[in-house]
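So the chains spell out like this:
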Amino acid sequence: ALLAVASFELILATAWWSLMAGNILLGLGHMCLYIGLQVMCARDDSPGALVRMFGNLMVANSLGQALGAGIIAWFGGSSAIPPAQLLFAISGLFGLLGMVAALTIPSHSKASTEVAQTDAMPLKSILQIPRFLPLIIVSAIGGMSQDLMIVFLPLLGSERSIAVSDIGSMLM
C-alpha cells in the first residue's frame, strides 16, 4: 500500500519537500516489501525450499526491473526526459496490483508454527561463518553498482539529450 500511495503522491509533487516525502514513502514501502518477501521465503522449512524460494525471488526481481526499464523506454520514446507523472501513475497501478496479489497469499504455511526458542547469534559468530564476509561484500558491491546505474544513467541521458528509449534499453 505504501508503494502505491507514494507513487500517487509523487504525481502531485510540486515542491522539493513533496518529492522527498514521496521518496521516503517509497523507500519505507520497499523495505517493508522485501522484509515480508524474505520472511515468506524463510517460512517454508521443506528440504531445499530456502534456496528455491530465494532463487525465485531474485528471478522475479530481475524480471520486474527489466519490465520497468522497458516501460520507461516505451513511454519515454525519443525524448530526453521521460513523462514522470505517467510513470508514477503506472508505478502506483503496479503497487495496487501487488497489494491485491498480497491479499491472496494465505497467512499460514505448511511449515511448523512452533518457533524454537534460541539465543540470538552474536555478530562475531555470524562473521565467522565460512564465505559469509566475501558473500556480503560481493552482494554489497553488486547492489551499489546496480543502484548507481539506475540513478546515473537517466541523469546522463537527460544531460546529454540521449533518448529515454535508449537509456531504458541499456537498463534492461
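Residues numbered from 1 in each chain as written. Predicted model: local features only at pLDDT ≥ 70, side-chain atom pairs only at ≥ 80, totals over all residues. Heavy atoms only, no water.

Before going further, it helps to spend a moment on the overall build of the chain. A tally of helices and strands in the chain yields 7 helices and 0 strands. Reading the helices (α) and strands (β) of the chain from amino to carboxyl end gives α-α-α-α-α-α-α. Principal-axis analysis of the C-alpha atoms gives the chain an extent of 55 × 35 × 30 Å. Relative to its full complement of 172 residues, the chain shows a buried share of 16%. When the accessible surface of the chain is summed, it comes to about 12,400 Å², and 72% of that surface belongs to carbon and sulfur atoms. (Helix = DSSP H or I, 4+ residues; strand = E, 2+ residues; numbered from the N terminus. Buried < 20%, exposed > 50% of the residue type's maximum accessible area, 1.4 Å probe, protein only. Areas by Shrake-Rupley, 256 points an atom, 1.4 Å probe, with all protein chains shown as cover.)

Contact pair helix α3 (residues 49-76) / helix α7 (residues 164-171): the axes reach a minimum separation of 7 Å and the direction vectors enclose 165°. In terms of their interaxial angle, α3 and α7 are classed as roughly antiparallel. The way α3 lies across α7 gives a crossing that is left-handed. Along the contact surface, α3 presents Ala69, Ile72, Ala73 and Gly76, while α7 presents Val164, Ser165, Gly168, Ser169 and Leu171. Residues belonging to the contact of α3 with α7 are distributed by class as follows: 5 nonpolar, 4 polar and no charged. (Axes fitted to C-alpha atoms, helices over the stretch in contact; angles between N-to-C directions. Parallel < 35°, antiparallel > 145°, perpendicular 65-115°, else oblique. Left-handed = near helix turned anticlockwise from the far one by under 90°. Contact = heavy atoms within 4.5 Å. Nonpolar A, V, L, I, M, F, W, Y, C, P; charged D, E, K, R; others polar.)

Here the phi dihedral of Ser161 falls at roughly 55°; this positive angle occurs in a residue that is not glycine. Among the structural elements, Ser161 can be located in the loop between α6 (132-159) and α7. Relative accessible area serves as the criterion here: at 59%, Ser161 is assigned to the exposed category.

Our focus in this paragraph is the environment of Leu93. Assignment of secondary structure puts Leu93 in helix α4 (residues 84-103). Under the relative-accessibility criterion, Leu93 is labelled exposed at 53%. On a C-alpha basis, the gap between Leu93 and Leu3 in space is 9.6 Å, while along the polypeptide they are 90 residues apart.

Moving on, we come to α4. A turn of α-helix holds 3.6 residues, and therefore any two residues three or four places apart point the same way. The terminal C-alpha atoms of α4 lie 29 Å apart, and with 20 residues this matches the ideal 28 Å at 1.5 Å per residue to within 8%. Those residues of α4 that are buried are in contact with α1 (2-12) and α3. (Expected span 1.5 Å × (residues − 1).)

Let us look at the packing of helix α2 (residues 16-43) against α3. Across the interface, α2 lies against α3 with an axial gap of 8 Å and an inter-helix angle of 150°. Viewed along their axes, α2 and α3 adopt a mutual orientation that is roughly antiparallel. Contacts between α2 and α3 involve Tyr34, Leu37, Gln38, Met40, Cys41 and Ala42 on the former and, on the latter, Leu50, Met53, Phe54, Leu57 and Asn61.

A cluster of nonpolar side chains, Leu123, Leu127, Leu133, Ile137, Ile141 and Met144, forms an exposed patch at the surface whose accessible area comes to about 580 Å². Among the elements of the structure, α5 (123-127) and α6 are those that each provide at least two residues to the nonpolar patch. With 4 residues, α6 is the single largest residue contributor to the nonpolar patch. Turning to its location among the elements, Leu123 is positioned in helix α5. Judged by its relative accessible area of 59%, Leu123 is exposed. (Patch = residues over 30% accessible without salt bridge, like charges linked within 9 Å, V, L, I, M, F, W, Y side chains within 5 Å. Salt bridge = Lys/Arg side-chain N within 4 Å of Asp/Glu carboxyl O.)

Regarding α7, the residues found buried are Val164, Ile167 and Gly168. The buried residues of α7 occupy one face: seen down the axis, they fall within an arc of 100°. Its buried side turned inward, α7 meets α3 and α6. (Arc of directions from axis to C-beta.)

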